[in-house]
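Examining the three-dimensional arrangement
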Amino acid sequence: MLKKLSILAAATFVSACSITQNIEPAHITKGSELCIIENTKVKEGFLKEFRSSLTSKGIPHRVVSKTSVPESCEWTSTYTARWSWDLAIYMSYAEIKVFHNGIPSGEAVYDSTRGSATMSKFIDAEPKIRELVNELMKIELASLSFRKYG
């Protein structure tokens, strides 16, 4: 009985110290502009890497203020991130959401806040942001209808 409790306790400890990453891709139409709603509470480097990742994927974008999002912004994105301290500063949480005409279209979340006992939480933020954007942003060609004659 004691052995079973020890195994259960160890399994609970390991699962409580996990890092999660969930991505639901956004299928943005090729050539569409993405309006990034600026979050001034997040380190400036996050937005810089987010924009760089979009540029490398060929996604036109611009940064807009959350208080004045233009009506012309069909595709919008919000983001947030947190850094924590545990022997060093590291990005412990990141979230990017994409909306099409105000309706949720995709989301990427990286969460190491429960990874207190794992050293894999000490990541470089820039490659993780690129990874999130690359997996989140899927480019869709405009649908074309073909008619077969004959």
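Up top is the structure.
Residues numbered from 1 in each chain as written. Predicted model: local features only at pLDDT ≥ 70, side-chain atom pairs only at ≥ 80, totals over all residues. Heavy atoms only, no water.

Describing the pattern of salt bridges
- One pass over the structure, following the stated rule, counts four salt bridges.
- Of the charged contacts in the structure, one is a salt bridge between Glu-107 and Lys-97, with a shortest N-O distance of 3.8 Å. Residue Glu-107 is located in strand β7 (residues 103-111), and its partner Lys-97 is located in strand β6 (residues 89-100); the two are separated by ten residues in the primary sequence.
- A residue is classified by how much of its surface remains accessible, and Lys-97, at 28% relative accessible area, is partly exposed. (Salt bridge = Lys/Arg side-chain N within 4 Å of Asp/Glu carboxyl O. Helix = DSSP H or I, 4+ residues; strand = E, 2+ residues; numbered from the N terminus. Buried < 20%, exposed > 50% of the residue type's maximum accessible area, 1.4 Å probe, protein only.)

Remarks on unusual backbone geometry
- Even without glycine at this site, Asn-101 takes up a positive phi of about 55°.
- Examined against the element boundaries, Asn-101 turns out to sit in the loop between β6 and β7.

Notes on helix α3 (residues 125-136)
- Along its twelve residues, α3 runs 16 Å from first to last C-alpha, staying within 8% of the 16 Å computed at 1.5 Å per residue.
- Every buried residue of α3 is listed here: Ala-125, Lys-128, Ile-129, Leu-132, Val-133 and Leu-136. On an axial view of α3, the arc spanned by its buried residues comes to 135°, and they lie on one face. (Expected span 1.5 Å × (residues − 1). Arc of directions from axis to C-beta.)

A short note on the environment of Ser-72
- Residue position: Ser-72 is located in the loop between β4 (61-64) and β5 (75-85).
- With 37 residues separating them along the chain, Ser-72 and Cys-35 place their C-alpha atoms 9.2 Å apart.
- Within polar-contact distance, the side chain of Ser-72 engages the side chain of Arg-62 at 2.9 Å. (Polar contact = N/O pair within 3.5 Å; in protein donor to acceptor, adjacent residues only side chain to side chain.)

Regarding the packing of aromatic side chains
- Applying the stated rule across the entire model yields two aromatic pairs.
- With 5.5 Å between their ring centres and 15° between their planes, Phe-46 and Tyr-79 make a pair best called stacked. With Phe-46 in helix α2 (residues 44-56) and Tyr-79 in strand β5, this residue pair connects regions lying 33 residues apart in the sequence. This pair shows no difference in class: Phe-46 is buried, exactly as Tyr-79 is.
- Measuring from centroid to centroid gives 6.1 Å for Phe-50 and Tyr-79, while their planes differ by 75°, and the two rings are edge-to-face. Pair noted here: Phe-50 is in helix α2 and Tyr-79 is in strand β5, with a separation of 29 residues, a long-range link. (Phe/Tyr/Trp six-rings, centres within 6.5 Å; stacked < 30°, edge-to-face > 60°.)

Side note on the environment of Met-91
- Inspection of the secondary structure assignment puts Met-91 in strand β6.
- Residues Met-91 and Lys-128 lie 37 residues apart in sequence; the distance between their C-alpha atoms is 9.2 Å.

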